[in-house]
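# Fold and geometry: a report
Next come the chains, spelled out residue by residue.
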Number of protein chains: 4
Amino acid sequence: MNKFKGVIPPVVTPLTSAGELDKNSFKRSIDRMIEAGVNGLFILGSSGEVAFSTDARREEILRAAKEIVGDRVPLLAGCIDTETLRVIEHAKVAEKLGYDAIVATAPFYALGGITEIERHFRKIHEATSLPIFAYDIPVCVHVKLPGDLLIRLGKDGVIAGVKDSSGDDVAFRFLVDDNKEAGHPLALFTGQEVVVDGAYMAGADGSVPGLANVDPVSYVNQWQAYQAGDWESVRTTQNHLSALMRITSVVQEVSGFGAGVGAFKTALKLLGVYDSNMMPEPVAALEGENVERIRNVLVKTGVLSD
Amino acid sequence: MNKFKGVIPPVVTPLTSAGELDKNSFKRSIDRMIEAGVNGLFILGSSGEVAFSTDARREEILRAAKEIVGDRVPLLAGCIDTETLRVIEHAKVAEKLGYDAIVATAPFYALGGITEIERHFRKIHEATSLPIFAYDIPVCVHVKLPGDLLIRLGKDGVIAGVKDSSGDDVAFRFLVDDNKEAGHPLALFTGQEVVVDGAYMAGADGSVPGLANVDPVSYVNQWQAYQAGDWESVRTTQNHLSALMRITSVVQEVSGFGAGVGAFKTALKLLGVYDSNMMPEPVAALEGENVERIRNVLVKTGVLSD
Amino acid sequence: MNKFKGVIPPVVTPLTSAGELDKNSFKRSIDRMIEAGVNGLFILGSSGEVAFSTDARREEILRAAKEIVGDRVPLLAGCIDTETLRVIEHAKVAEKLGYDAIVATAPFYALGGITEIERHFRKIHEATSLPIFAYDIPVCVHVKLPGDLLIRLGKDGVIAGVKDSSGDDVAFRFLVDDNKEAGHPLALFTGQEVVVDGAYMAGADGSVPGLANVDPVSYVNQWQAYQAGDWESVRTTQNHLSALMRITSVVQEVSGFGAGVGAFKTALKLLGVYDSNMMPEPVAALEGENVERIRNVLVKTGVLSD
Amino acid sequence: MNKFKGVIPPVVTPLTSAGELDKNSFKRSIDRMIEAGVNGLFILGSSGEVAFSTDARREEILRAAKEIVGDRVPLLAGCIDTETLRVIEHAKVAEKLGYDAIVATAPFYALGGITEIERHFRKIHEATSLPIFAYDIPVCVHVKLPGDLLIRLGKDGVIAGVKDSSGDDVAFRFLVDDNKEAGHPLALFTGQEVVVDGAYMAGADGSVPGLANVDPVSYVNQWQAYQAGDWESVRTTQNHLSALMRITSVVQEVSGFGAGVGAFKTALKLLGVYDSNMMPEPVAALEGENVERIRNVLVKTGVLSD
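Each chain has its residues counted from 1, running along the sequence as written. Starting at A for chains and at 1 for ligands, labels are handed out in the order in which the entities are written. With the structure being a predicted model, the display of local features is reserved for residues of pLDDT at least 70 and the display and counting of side-chain atom pairs for 80 or more, all residues being used for whole-chain, interface and lining totals. To get the side-chain values, take all heavy atoms of the structure and skip hydrogens and water.

## With respect to the overall build of chain A
Helix numbering and strand numbering both begin at the N terminus, where a helix is a DSSP run of H or I of at least 4 residues and a strand a DSSP run of E of at least 2. The number of helices and strands found in chain A is 12 helices and 8 strands. This radius of gyration counts C-alpha atoms alone. The globule rule is 2.2 Å times how many residues there are, raised to the power 0.38. The C-alpha radius of gyration of chain A comes to 18 Å, within 12% of the 19 Å expected for a compact globule of 306 residues. Projected onto its principal axes, the C-alpha positions of chain A cover 55 × 45 × 35 Å. Out of the 306 residues in chain A, the part that is buried amounts to 66%. Intrachain contacts of chain A at a sequence separation of at least 6 include 71% that bridge at least 24 residues. Of the roughly 10,100 Å² of accessible surface on chain A, 48% is carried by carbon and sulfur atoms. Buried, partly exposed and exposed residues are distinguished by accessible area as a fraction of the type maximum, computed with a 1.4 Å probe on protein chains only: under 20%, between the cut-offs, and over 50%, respectively. Pairs of residues are marked as contacts when any of their non-hydrogen atoms sit within 4.5 Å. Surface accessibility in these figures is a Shrake-Rupley result with a 1.4 Å probe; residues are shielded only by whichever protein chains are displayed.

## Structural notes on the interface of chain B and chain A
Contacts between the two partners involve 41 residues from chain B and, on the opposite side, 41 residues from chain A. When two components associate, each loses some accessible surface as probed by a 1.4 Å sphere; the sum of these losses over both components is called the buried area. Of the roughly 3,600 Å² buried at the junction of chain B and chain A (both faces included), carbon and sulfur atoms supply 60%. A side-chain nitrogen of Lys or Arg and a carboxyl oxygen of Asp or Glu constitute a salt bridge if their distance falls within 4 Å. On the surface where chain B and chain A come into contact, there are 8 salt bridges. Linking Lys123 of chain A and Glu281 of chain B is a salt bridge whose minimum nitrogen-to-oxygen distance equals 3.8 Å. Throughout this description, a polar contact denotes any pair of N or O atoms lying within 3.5 Å of each other; where both atoms belong to protein, one of them has to be capable of donating a hydrogen while the other can accept it, and for residues adjacent in sequence the pair is counted only when both atoms sit in side chains. The interface formed by chain B and chain A holds 15 residue pairs in polar contact (both at pLDDT 80 or more) in total. Contributing elements (two or more residues each) for the side of chain B that touches chain A: helix H2 (55–69), helix H3 (84–96), helix H4 (114–127) and helix H5 (138–141) of chain B. In terms of residue count, H3 of chain B provides more of the side of chain B that touches chain A than any other element does, 5 residues in total.

## Some thoughts on the arrangement of the chains
At no point do chain A and chain C touch; the closest pair of C-alpha atoms across them sits 17 Å apart. No part of chain B reaches chain D; the closest C-alpha pair between them is 17 Å apart.

## Structural notes on helix H6 (residues 147–155) of chain D
Residues and elements named next belong to chain D. Regarding H6, the residues found buried are Leu149, Leu150, Ile151, Leu153 and Gly154. Where the residues of H6 are buried, they touch helix H4 (114–127), strand S5 (132–136), strand S6 (161–164) and helix H7 (169–181). Once H6 ends, the next one or two residues include Gly157, with phi positive near 75 degrees.

## So, the UniProt feature "active site" (unreviewed entry) in chain A
Under the feature "active site" (unreviewed entry), the UniProt entry names Tyr135 and Lys163 of chain A. In sequence the annotated residues extend across 29 residues, while in space they remain close, none of their C-alpha pairs exceeding 4.8 Å. Look past the residues within four positions of Tyr135 of chain A in its chain and what remains in contact with it is Phe42, Ser46, Ile80, Val103, Ala104, Thr105, Ala106, Leu145, Lys163 and Ser165 of chain A together with Tyr109 of chain B. A polar side-chain atom of Tyr135 of chain A sits 2.9 Å from a polar atom in the side chain of Ser46 of chain A. Inspection of the secondary structure puts Lys163 of chain A in strand S6 (residues 161–164). With residues near it in sequence (within four places) discarded, Lys163 of chain A still touches Phe42, Ala134, Tyr135, Asp136, Phe189, Gly191 and Val208 of chain A. UniProt positions are given in the numbering used here, feature names are shortened, and annotations may be inferred rather than shown by experiment.

## Focus on the UniProt feature "binding site: pyruvate" (unreviewed entry) in chain A
Residues and elements named next belong to chain A. Under the UniProt annotation, the feature "binding site: pyruvate" (unreviewed entry) is placed at Val208. One can find Val208 in the loop between strand S8 (206–207) and helix H9 (216–227). Residue Val208 is classed as buried on the basis of its relative accessible area of 5%. Discounting chain neighbours no more than four positions away, the residues touching Val208 are Ile8, Pro9, Pro10, Phe42, Lys163, Phe189, Thr190 and Gly191.

## Considering the relation of the copies chain A and chain D
You can overlay chain A on chain D at an RMSD of 0.0 Å; the transform is a turn of 180 degrees with a shift of 0.0 Å along its axis. On the angle and the small slide along the axis, the relation comes out as a two-fold axis. It is Gly198 of chain A whose C-alpha, among those of chain A, lies nearest the rotation axis, at 2.1 Å. In this assembly, 100% of the residues forming the interface of chain A have copies in chain D that are likewise at the interface, indicating an isologous arrangement. A least-squares fit on C-alpha atoms brings the copies together, and the residues used are those whose pLDDT is at least 70 in both copies.

## Quick look at the relation of the copies chain B and chain A
Each copy of the sequence occupies a distinct position, and chain B is placed on chain A by a rotation of 180 degrees and an axial shift of 0.0 Å, giving an RMSD of 0.0 Å. A share of 100% of interface residues in chain B that are also interface residues in chain A marks the association as one of identical surfaces.

## So, the environment of Val217 of chain A
Here Val217 of chain A is to be found in helix H9. For the pair Val217 of chain A and Glu35 of chain A, spaced 182 residues apart in sequence, the C-alpha to C-alpha distance is 8.7 Å.

## Examining the pairing of strand S4 (residues 101–105) of chain D
Two faces, one strand: in a regular strand the side chains alternate between the faces of the sheet. Residues and elements named next belong to chain D. Summarising burial for S4: 5 of the 5 residues are buried, a large majority. Burial along S4 is two-sided: Ala101, Val103 and Thr105 and Ile102 and Ala104, pointing in opposite directions, are all buried. In this sheet, S4 lies alongside strand S3 (residues 75–78) in parallel orientation, the contact comprising 3 bridges. Across the sheet, the residue bridging to Gly78 is Val103, located in S4. Paired strands, as defined in this entry, are two strands with at least two bridges between them according to DSSP. As paired elements, S4 and S5 share 4 bridges and run parallel to each other. Bridging from a neighbouring strand, Ile102 pairs with Ile132 of S5. Think of it like this: strands point away, you trace from the first strand over the helix to the second, and a clockwise trace means the crossover is right-handed. You can see the chain leave S4, run along H4 and come back into S5, and the turn it takes is right-handed.

## Side note on the packing of helix H10 (residues 231–244) of chain B against helix H10 (residues 231–244) of chain C
Two numbers describe how H10 of chain B lies on H10 of chain C: the axes approach to 9 Å, and their chain directions differ by 90 degrees. Our classification of the angle between H10 of chain B and H10 of chain C gives roughly perpendicular. Residues Trp231, Glu232 and Arg235 of chain B of H10 of chain B form the contact with H10 of chain C, whose own contacting residues are Trp231, Glu232 and Arg235 of chain C. Tallied by class, residues from the contact of H10 of chain B with H10 of chain C come to 2 nonpolar, no polar and 4 charged. Only C-alpha atoms enter the line fits that serve as axes; for helices the fit covers just the stretch in contact. Angles between N-to-C directions range over 0 to 180 degrees. An angle below 35 degrees is treated as roughly parallel, one above 145 as roughly antiparallel, one from 65 to 115 as roughly perpendicular, and anything else as oblique. The residue classification treats Ala, Val, Leu, Ile, Met, Phe, Trp, Tyr, Cys and Pro as nonpolar and Asp, Glu, Lys and Arg as charged. All others, Gly included, are polar.

## What to know about unusual backbone geometry
Omega for the bond connecting Glu281 of chain B with Pro282 of chain B falls within 30 degrees of zero, at 10 degrees, which places this linkage in the cis form. Examined against the element boundaries, Pro282 of chain B turns out to sit in the loop between helix H11 (257–270) and helix H12 (289–300). Its identity is not glycine, yet Leu44 of chain B carries a phi of approximately 65 degrees, on the positive side. Along the polypeptide, Leu44 of chain B turns up in the loop between strand S2 (41–43) and H2. A relative accessible area of 1% places Leu44 of chain B in the buried class. With a phi angle near 60 degrees, His184 of chain D is a residue other than glycine that sits in the positive phi range. Following the sequence through the fold, His184 of chain D ends up in the loop between H7 and strand S7 (187–190).

## Some thoughts on the side chain of Asp205 of chain D
Residues and elements named next belong to chain D. Tracing the backbone through its elements, the reader meets Asp205 in the loop between helix H8 (196–202) and strand S8 (206–207). Of the side chains with opposite charge, Lys5 comes closest to the buried, unpaired Asp205, at an N-O distance of 8.1 Å. Engagement of the side chain of Asp205 in a polar contact is seen with the backbone nitrogen of Leu188, the distance being 2.8 Å. By the counting scheme adopted, Arg and Lys are positive, Glu and Asp are negative, and His together with the chain ends is not counted.

## Re the interface of chain A and chain D
Accessible area lost when the parts come together is the quantity often used to give the size of an interface. Taken together, the contact between chain A and chain D spans 24 residues of the former and 24 residues of the latter. The interface formed by chain A and chain D includes 6 salt bridges. Seen at the junction of chain A and chain D, the total is 16 residue pairs in polar contact (both at pLDDT 80 or more). Where the side of chain A that touches chain D is concerned, the elements lending two or more residues are helix H7 (169–181), helix H8 (196–202) and helix H10 (231–245) of chain A. Considered class by class, the residues forming the side of chain A that touches chain D number 8 nonpolar, 6 polar and 10 charged.

## Quick look at the pairing of strand S5 (residues 132–136) of chain A
Residues and elements named next belong to chain A. Within S5, 5 of the 5 residues are buried, leaving the element largely enclosed by the surrounding structure. Across 4 bridges, S5 lies against S6 in parallel orientation. The partner of Phe133 across the bridge, within S6, is Gly161.

Structure follows, in C-alpha cells:
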C-alpha cells in the first residue's frame, strides 16, 4: 500500500485549439508536477475529461501520459463508465499500457442499489490484476459509497483504496477510523482542494486535488508538513491554496466542469504551461472578463507575477 | 414527422444465460410487437440496457434488430453516452446500419448547465443526417430538459421529437401546447406506462412504454382508441395496463433497473417469448418468490392463463 | 365519505395593503366559488398562506371563513405545522370553530422516517374527532407519503382521505386502484391544476386546484362532465384551464409561492374580486410587467375581457 | 462580537416520562456544561426539539433555561418557524425573557428564493433589538445560505453571526476568509461535531456541537487548545469526540432526529444526568439493544466506566 500515498493530482488534459490532445502542454504540465515532488498521477479523472473523451481519445491520453512519465511515479487510470462491462474494457487498456492501478466509480445512469454496487466492484476485481481505487463522487454518480461497504471490499482485497470526492468530511473521518481499526487495508485519499488540512487532521493517506495542476509545489509542501507534524504549516499552506481555489468561483455565467476545469486550464495557460485553454465539446473555453478574473486571483495569491 | 407517431416500444434486450445477446428471443419478441401493430421500435433505450452494453455489444444489438425488422417499421437507435463526442460516435454507427432516427439524452456525469445541453444537441445535429429525438430522463441524467429549449431546438430543426420520461406531466402538457402553437415541429412521445391515457388527453403524438414489450396489443389498442376519440376505451385499457405494470412493483429486495427491466424479462420468459430472464452485470436475474409474484400479476390481469 | 368529493378549492387568503386579512375580498371570493358550485372549501392550505400566518392570524382566517360559508359547503382546515403536538393544537381550533375536517402533512423540518409519519397521523387521530385528510406534498415537506401507508391508515379509520400534491401521477393511479381494492376507505383528491383530466381518468374522487380561485366555474364544469362520462368535455375544459394556469409561469424573476399564489392574487385583483394582491412577508407583491403578463393570459383565455 | 465565541452547545431538552419538561434534569445538564466552561448556551435549537414543541412549551423551556443560567453565560434562543411573522413572534418572547441573541433559519415549507430569504432576515432585524444568528441548515430547510448573502447581511448589521450546520466545509472556509476580508462582522460557528478540528483550522470563531451535551469538557479543552495553537491536542481531542459521536450511528432501525438526539438523551441518562430518555411525539425513545450499543460506545471511549 506504501506505493499509494501523498499527493496524487488528477491530471487535467490540455487540448489544442483544434480539440486534439496537446502533447507538448501535457508533457510540460506533467513534468512540472513530478519535479514539484508529487507522489503519483491520476490520469483520466473527472477533471481529466474522461467523460468527454471517446474510447480512442482515452487510450491516446493514457498512452501519452505513460510515455511522458515512464516509471518516475505511480500512474492511476480512470476507468469511468456507466456499468461493469464497460469499465472492465477500460481496465484492460490500462493494464495493457502498464498502469499501476485503476480508479472506478459506482455504476451510473441506470438505477440500482448497494447490492449492484458491491457486485460491480467485485466483478471488476475478478477481471483485472490491477489494484482498484473506488472513486466516491456522488455529485456525478448520485450515490454515496457507504463506509461499511468500502471497508468490506478492502478487507476482502477487492479494492486497494478510495478517492473520496463526496464532500462529506464526517463520513471520511469515520472511514479513516474504521480503516485503522480494520488494519488499514485501504489507502484513503481526499479529493478536496480547500479543506485538505482537515482531511490530514482526520488521518488521510493523501490527497488528489485538481488544483495541484496549478500549484503542485504547495500541495507537496503541505503533505510534507503533515508528515512532519507541522500543523501550523499545513494550515497556512491551506489558506494560500484556498485563496487560489477562488479561480474557480470568480468565473461568472458558467458553472460546473466549465468553471472548474475551465479555470484550471485558463490558469495553466496564463502561467505558460498550457498553450490553450480549449475545452472539450460541448463546453466553451473561458474568455474575456472571466480570464481577467482568474488572472487577478493568480496575481493576488502570488502564483503569477503582476 | 408523420413517420414517428403512435406506439414505439423501447425494446428490451434478451440475454442468454451466458450473458450473450439471445437473437432467437430477440426475434420472437420483436416480431410479436410488430404483429401487434406497433408503429416503430426504439432499440438501445434505457430499458434496452444501453448503459450496460459495451460498444461492440451495442453495435451487435443494433445490427440484429435491423436484420430482424428490415423496413417493416421505423427504427430508432439509443445513442446514450456521457458527452457529445461519445454520442456522435454512436450516431455514426446507427447511420451506417440504416436506422431512421437516433435518441440522445442531455450530457451526464460531468456537471454542466443549459448552455452546454443546447450546444450538445446542436453539435450532434451537425454531425449526423438522422433525425434526433431528445430523451428527457432526469432520473438518469439528473437534469430536466426545459420546454423552451426543446421548442427552440425543434423550430431550428435540430431535434425532431422528444421522448418524455420525466414523469412531469404538467411540463409535458405545457410542452404539447407550446409545440402546437409553434406549428408542431416536434413529435412528442410520453415514456409513461401507467398514465398514458393522461398523456393522450394532453395531446401526445405517441408513447414509448417499456411494458409494451409484455403486452403490445393493449398499447396498440389504446392508441387506436385515442385516434378514434374513444376515451372510455383509452381509459379502461389503461386500467388493465396499470394493473399489469404491478409486475415491477411486486418485486421485493430489488429496486431500479433490476426490478423494472428484471420484471419485464421475467414476464417475457413466463410468456414463452424469452428463453431466459438473464440480466447484464452487475444486476442479478429475478428468481424464487419474485418470479411467483410476477406470475400472479400476469394471471390476475389475464395476460397468462392459470 | 360522500361528504367529501368533487371540486374543493384551496382558498387563497386576500390581504389588505397593510397586511391584514381583507374580509371583504375574502367574502367576495368565497361566495363566487360557492355560487360556481364547488363541493367544499379548503381553508389554510399551502396557497392559503398557512405557513406565513401566525397562530392568531390562522384562527382569524378560519373564523372568518366559517362565518362567510356557514353550512353551505363542507369546510376543511389546514393544520400544517412541523410536528405532532403543534398540529394537534391547530386541530383543536378547527374543531372549536365547527370545521368538517382537517388536513395535515407529514412532519417536517426535523428528520424522521416512515415510522414517525405513521405515529404522527395516529396521534393526531387520537386527539381529534374530525376526519383527517393526509396532505401529500413532498415539494414542501420533502418526503412522499407511501401508498401502502395511506391505505393502511385508511383501513384503520385514521385518515378519511388524501390530498395528493405530489405530482407523481403514477403513484396516484396506483393509490386509486389500491383504494378501490380495499373497499374505498379514502376520498382521493388530486392537487393538480394542469392535468386534472388525467386524475379523473385514473378515478379520482375530486380535485383541490388552487387555480379554481380564479376560474371556479370551469373546474366545476369539468367535474360534472367527468361525472357524466363526457370525456371530451373533461379534456377541452382542461385545455382551457391549462392555458389559464400560464398566469403562474409567465411571471419573471420571482419563483415558488411568490409566482404561484402571487399570480392567483394578481388575477383576482384584475378580475375585481380582490382589492389588493398584497403578499405576506417576506414575499413581495407582483407588479409592473408581471401584472401585464398575467393580464394578457387572462384576456387570451377569455377570463377577462379586453 | 467578543460576547459570542467558543463552545456554545445546542442544549438538548430532557422530558419526563409523561412528556413534560424535566426541569431537574435540565438544571443538572446545564450546570454540568457551564461548570465544564462552555462559552454560551443555545436553547431551542434543532436538537433542543424546537420543531416538536408548542409555543407554550417553547416559552416554558426558554424561561426555565434563563432561570437556571442567570447571567453566567450568554444565552441564544432558537426562533425557528416557517416564515417571517411567526419567527418575529418567537423573537419577542426571547427578548422579553432576557435572552442575548436569537437564532433563525431561512424560511421553510413554502417555496421561495434568495430574495425572500434576504427580506426575511431584514424584517426580523427590524422587529427585534437582539443580535441575530443565521442558522444555515439545509438538511432541514432545504436551501443553503449563500456566502455572499451572509457577508452582505453582516456588513449591514442585520445579522451578528452564523451557525453553520450545512456540512459544506468548503463553503464554510470561504465564508471565514470573506468575513476576515470584510472586517470580521460575523461570528462564525460550526455546527459540526466530528470535524470541528477542520473548522478551527479554517478559522472558526467557535462551535455549536450537540455532542457537547454529553462531553462538554472535551469540546472546551479542544477550544482552549485551538486558542493556544496546540493543533496536536485539537486533533487528538477530536479523535476522541469522533469516536464518541458513534453513539448516534450505532443505533439501528431508527434514523434522523430519533437516532441523533435519541442517542444524546440515552447517553445522558446512562451518565446519570437525565432521569429519562423520553422523546417528543411522534418519536419513540430508544430502548433495548440500542441502549446497549450506546453504552458500549460510552465505555469504549472512557466516558462511562465499565
